Amino acid sequence: MTGAALDDFRAGVRDWCREHVPKDWRPAQTGVPDEEFVAFQKEWFQELRRAGFAVPHWPREWGGGMPVPEQAVLYEELAAHDAPRLVLAFVSIHHAASTLLAAGTDAQRRRHLPAILDGEIWVQGFSEPDAGSDLAALRASARREGDTYVVNGQKCWASGAAHADWCLLLARTDPDAPKRRGISYFLMDMRTPGIDVRPTRQATGESHFCEIFLDDVAVPAANRIGAENAGWRVAQETLGAERGMTMLELAERLGGGFRRLVELCGRTGALDDPLTADRLAALEIELTGLRALCAKLVAADRPGPADASIVKLFYSELLQRITDLGTEAAGLAAHTDLRKPLSSGWESGAWPLDFLASWEWTIPGGTSEIQRTIIGERGLGLPREPREG
Amino acid sequence: MPADLSEFHDELRASASGLLAQGADWAAIAGAGWPGLEVPAAFDGADGTFAEVAVVLREIGRAAAPGPYPSVAALAIGTLDLLHPGPVRDGLLRAAVAGTAVPVVAIDAEGTEAFRLTGASGPDGARLHGSAGFVLDAPAADRVLVPALEPDGTAVVVDVDPAELTVGDRPVLDATRSLGRVAADGAAVRPESVHRFRVPDAPRRLRDRAAVAVACDSLGIAEAMLDATVAHTSVRHQFGRPVGSFQAVKHACADMLVQVTVARELVDAAVRAQADGGPDAAAASAMAKSYACTAAVEVAGKAMQLHGGMGYTWESGVHVYLKRAALNRSLFGTPAQHRARLAGRRARR
């Protein structure tokens, strides 16, 4: 696509945003009951879907097919117009979809991809109390009985599980195999009997994360993704590849957060302080580097073995630095913001809450420490740490 | 980047790395055609862009190589390109491409001192006054291009024989670099030696180019130090394990890679902006200079730490890179000065 065509596309997105982005969603989405948040997220998803903006990264046959340069422009403009984020659909349109597309059967894709477009919400059931960053240590079991697997165990940190229709579930199908070789990957209907979801209150006071207790839950064998005991590889490949696409949006969103930080410092007069100006410039430089990295990662045919980890680590720690400065610059008044807009993600402008919420990115999906180990071993080829399994 | 250009850059990188490993002197560098990489074919150059020069600058940093290539290719040729063509300028450009002249631009790398012309530029000529405290490669120069202001404030470049100037050595800790103080105390200037710029804002563009060139060098330094540290910590054993398997060491190396990766993106963007001459070139150069030069000091420092006692010895060579990285950080604007430029751009908006 030529520069001029891309400019036209940008102008079109801009017009659309001016007309469709809800004007007062930040105050309106602050402190609302969960049902209102869910309804708002689903309406906004359908609004984006009608414009062809909900799943631009999906293949054309499933309703996407937008080239990467346009996607970058789309996310840039959505961030610039401060559109609400699809926080509730994040797992369904990214993790669930990429898993189905990469490893699912035709039947599984036909069943789930259109349903996701219609608003089906997914949750990721990976982590467990004793298997967070050491995911391969997971213990939830799936025992085969005829055409069904019977699942028992406990999942935790399942974001949005209280509202989810389906779950991406990792469970151990061979307890005797080495840790990573005995795991299978399932699609689990959250309405199945035996599932108990209990929200976990987080540092921010919100309860997006949940525990999921699984007591003899019957999952049809047809809902397994990939071969039995090959779930670890499916999880690695699909989610690793996915990380790049989500970063394209997140980096642009962080740009929106940075703009709000600059506005804040302008309002308070902090821009005149040379030290603050220096810190802002340093953050702007890092943000520019991050955006370039994300664009490159998404465009790469074959990303390097640690590229996604480098981006995740750098993004999450930069998010922490930006929200940290915002918290400092916003002063005491910001500490009276006890709630943030539910649809905003990590850059709501309620700085102390955003700062707290930044740990939601340096801990999950492999902590920063785990990322550094991956980068050292896979990216630099350093000798592995002694480990079992 | 188009695939063929990317392949060409890989070839250039490999040949530069090979030649520099053999300790290439100025004759070898000129023989390889590096001074003329971005010069039009009409002046015997290779008809490329600054992107090709940047490939060589990065390899020179990676090798911590001495010699005036950065001054000649980044600054002198950049300056000559910004001047109105003419027989004198064209001749000097050809000589620089061939390597028969080593012109050096008397830009003060600390940015504090400057030159001015006085007197009418009549038949008797004007006179040049002023000084520059830190001029990269001044001791090697056989021609000095002195940026100066005419009495009415017009920026010009005066082509001066070093014999007309006072050029003094300024030995620095970084033994791979040569700096000199250049002073003019009323040196006579012939009218044909005064060159005018063909674009506005040329002095600022030159400073940006200088900053990007140093950022390329620092990126090369950081890459070399990361490679050396990975190689060392993979084989050096302590407590019965390679030290690179210890988490603290591995995580330090991971942070080095992250810094190098981000620096590479920012430097690539700044190099592209130099080659395109787009409106973002100033901001891109400030970002690259600030980030890459800071990162190189941190990466080289971490390399010294992770090489242990051996890293601190003269023989290890790590200190060579740490000194060069620290010098680079102070050349052509400190990181804080470049960040202040970025902040100033925001304040004006």
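All of these numbers come straight from a predicted model, not from anything done at the bench.

A. Quick peek at the overall build of chain A. Helix and strand content of chain A: 12 helices and 8 strands. Relative to a compact globule of 389 residues, whose C-alpha radius of gyration would be 21 Å, chain A shows 21 Å and is just as compact. Each principal axis of the C-alpha distribution contributes one length, and for chain A these read about 70 × 50 × 45 Å. When the accessible surface of chain A is totalled, it reaches about 16700 Å², and 51% of it is carbon and sulfur. Counting 43 positive and 56 negative side-chain charges, chain A places the centres of these two groups 4 Å from one another.

B. View of the overall build of chain B. Summing up its helical and strand segments, chain B has 11 helices and 10 strands in all. Oriented by its inertia axes, the alpha-carbon framework of chain B measures out at about 80 × 45 × 40 Å. Out of the 349 residues belonging to chain B, those deemed buried represent 56%. If you take every contact in chain B between residues at least 6 apart in sequence, the share linking residues at least 24 apart comes to 72%. The distance from the centre of the 34 positive side-chain charges to the centre of the 39 negative ones in chain B is 8 Å.

C. Just the interface of chain A and chain B, in detail. On the side of chain B, 30 residues touch chain A, which itself brings 33 residues to the contact. Both faces considered, chain A and chain B share a buried interface measuring about 2600 Å² in area, 70% of it formed by carbon and sulfur atoms. Summed over the shared surface of chain A and chain B, the number is 5 salt bridges. A salt bridge links Lys250(B) to Glu377(A), with the shortest nitrogen-to-oxygen separation between them at 2.6 Å. Our count for the contact surface shared by chain A and chain B stands at 8 residue pairs in polar contact (both at pLDDT 80 or more). Breaking the side of chain A that touches chain B down by element, the ones donating at least two residues are α7 (231-268), α8 (274-299), α9 (307-330) and α12 (368-379) of chain A.

D. Representation of the packing of α8(A) against helix α8 (residues 281-306) of chain B in the model. Following both chains from N to C, one finds α8(A) and α8(B) inclined at 95 degrees, their axes separated by 10 Å at the closest point. Classified by the angle between their axes, α8(A) and α8(B) sit roughly perpendicular to one another. Between α8(A) and α8(B), the contacting residues are Glu284(A), Ile285(A), Glu286(A) and Thr288(A) on the first element and Met287(B), Ser290(B) and Tyr291(B) on the second. Residue composition of the contact of α8(A) with α8(B), grouped by class: 3 nonpolar, 2 polar and 2 charged.

E. Local environment of the confidence of the model for chain B. For chain B, per-residue confidence averages 94 on the pLDDT scale, and 97% of positions sit at 70 or higher. Our summary of model confidence lists the complex with pTM equal to 0.92 and ipTM equal to 0.91.

F. Structural view of α9(A). Residues and elements named next belong to chain A. End to end, α9 covers 34 Å across 24 residues, agreeing with the expected 34 Å (1.5 Å per residue, within 8%). Burial runs high along α9: 19 of the 24 residues are buried. Glycine 331 sits one or two residues past α9 and shows a positive phi near 75 degrees.

G. Spatial organisation of the nonpolar core. Membership of the largest hydrophobic core comes to 140 residues, with the highest contact counts inside it found for Leu261(A), Leu290(A), Tyr315(A), Trp34(B), Tyr69(B) and Phe332(B). Counting residues per element, this core draws most heavily on α8(B), at 17 residues. Not counting the four nearest positions on each side in its chain, Trp34(B) is found in contact with Leu12(B), Ser15(B), Ala16(B), Leu19(B), Leu20(B), Ile29(B), Val56(B) and Tyr69(B). Core analysis: the next-biggest nonpolar cluster, separate from the first, contains 52 residues, Ala54(A), Ala97(A), Leu100(A) and Ile225(A) among them.

H. Structural context of unusual backbone geometry. Phi angles above zero are rare outside glycine, and Trp157(A) is one such case at about 55 degrees. By the element assignment, Trp157(A) lies in strand β3 (residues 148-159). Of note, the phi angle at Phe332(B) is positive, near 55 degrees, even though the residue is not glycine. Locating Phe332(B) in the fold gives a position in the loop between α10 (318-330) and α11 (335-348). The exposure class of Phe332(B) is buried, given its relative accessible area of 4%.

I. Representation of the state of the cysteines within the structure. All told, the structure shown has 0 disulfides over all chains when counted by the stated rule. Its sulfur unpaired, Cys156(A) is 11 Å from the next cysteine sulfur, which belongs to Cys210(A). No disulfide involves Cys216(B); its sulfur sits 9.6 Å from that of Cys293(B), the nearest cysteine. A residue is classified by how much of its surface remains accessible, and Cys216(B), at 1% relative accessible area, is buried.

J. The arrangement of the packing of helix α3 (residues 50-63) of chain B against helix α4 (residues 69-82) of chain B in detail. All names here are of chain B. Between α3 and α4, the least distance of the axes is 11 Å, while the angle of their chain directions is 155 degrees. By the angle between their directions, the pair α3 and α4 is classed as roughly antiparallel. Handedness of the α3/α4 crossing: left-handed. Together, Val53, Val56, Leu57 and Ile60 of α3 and Tyr69, Pro70 and Ala73 of α4 make up the contact between the two elements. Classifying every residue of the contact of α3 with α4 gives 7 nonpolar, no polar and no charged.

Calculation rules
- Once a new chain begins, its residue numbering starts again from 1 and follows that chain's sequence as written.
- Going through the entries in the order they are written, you letter the chains from A and number the ligands from 1.
- Where totals are concerned, whole chains, interfaces and linings use all residues; where local detail is concerned, this predicted model gives features only for residues with pLDDT of at least 70, and gives and counts side-chain atom pairs only at 80 or more.
- To obtain the side-chain values, all non-hydrogen atoms of the structure were used and water was disregarded.
- By definition, any uninterrupted DSSP run of H or I lasting at least four residues is a helix, any uninterrupted run of E lasting at least two residues is a strand, and each is numbered from the N terminus.
- Here the globule rule is a power law, 2.2 Å times the number of residues to the power 0.38, and the radius of gyration is based on C-alpha atoms.
- Accessible surface is estimated by sampling points in the Shrake-Rupley manner with a 1.4 Å probe; for residues, cover comes only from the protein chains shown.
- All tallies of charge rest on Lys and Arg as positive and Asp and Glu as negative; His and the ends of each chain are not included.
- Note on charges: their place is set at NZ of Lys, CZ of Arg, CG of Asp or CD of Glu.
- Only protein chains enter the accessibility calculation, which uses a 1.4 Å probe. A residue is then buried if its area is under 20% of the maximum for its type, exposed if over 50%, and partly exposed in between.
- Working rule for contacts: check all heavy atoms of both residues, and any pair within 4.5 Å makes them a contact.
- Two parts lose some accessible area (1.4 Å probe) when they are put together, and adding that loss for both gives the buried area.
- When a carboxyl oxygen of Asp or Glu lies within 4 Å of a side-chain nitrogen of Lys or Arg, that pair is called a salt bridge.
- The term polar contact refers here to a pair of N or O atoms within 3.5 Å; inside protein, the definition further demands a hydrogen-donor-capable atom paired with an acceptor-capable atom, and it admits residues adjacent in sequence only when both atoms are side-chain atoms.
- To obtain an axis, a line is fitted to C-alpha atoms, over the contacting stretch when the element is a helix, and the angle between two such axes runs from 0 to 180 degrees between their N-to-C directions.
- An angle below 35 degrees is read as roughly parallel, one above 145 as roughly antiparallel, one from 65 to 115 as roughly perpendicular, and any other as oblique.
- Residue polarity follows a fixed list, in which Ala, Val, Leu, Ile, Met, Phe, Trp, Tyr, Cys and Pro are nonpolar, Asp, Glu, Lys and Arg are charged, and the others, Gly among them, are polar.
- As a per-residue quantity, pLDDT reports the predictor's confidence and falls between 0 and 100.
- To estimate the expected span of a helix, subtract one from its residue number and multiply by 1.5 Å.
- For our purposes a nonpolar core is just a set of buried Ala, Val, Leu, Ile, Met, Phe, Trp, Tyr and Cys residues, chained together by side-chain atoms within 4.5 Å.
- By disulfide we mean two sulfur atoms from cysteines, separated by a distance within 2.5 Å.
- A clockwise turn of the near helix away from the far one marks a right-handed crossing, whereas an anticlockwise turn of less than a right angle marks a left-handed crossing.

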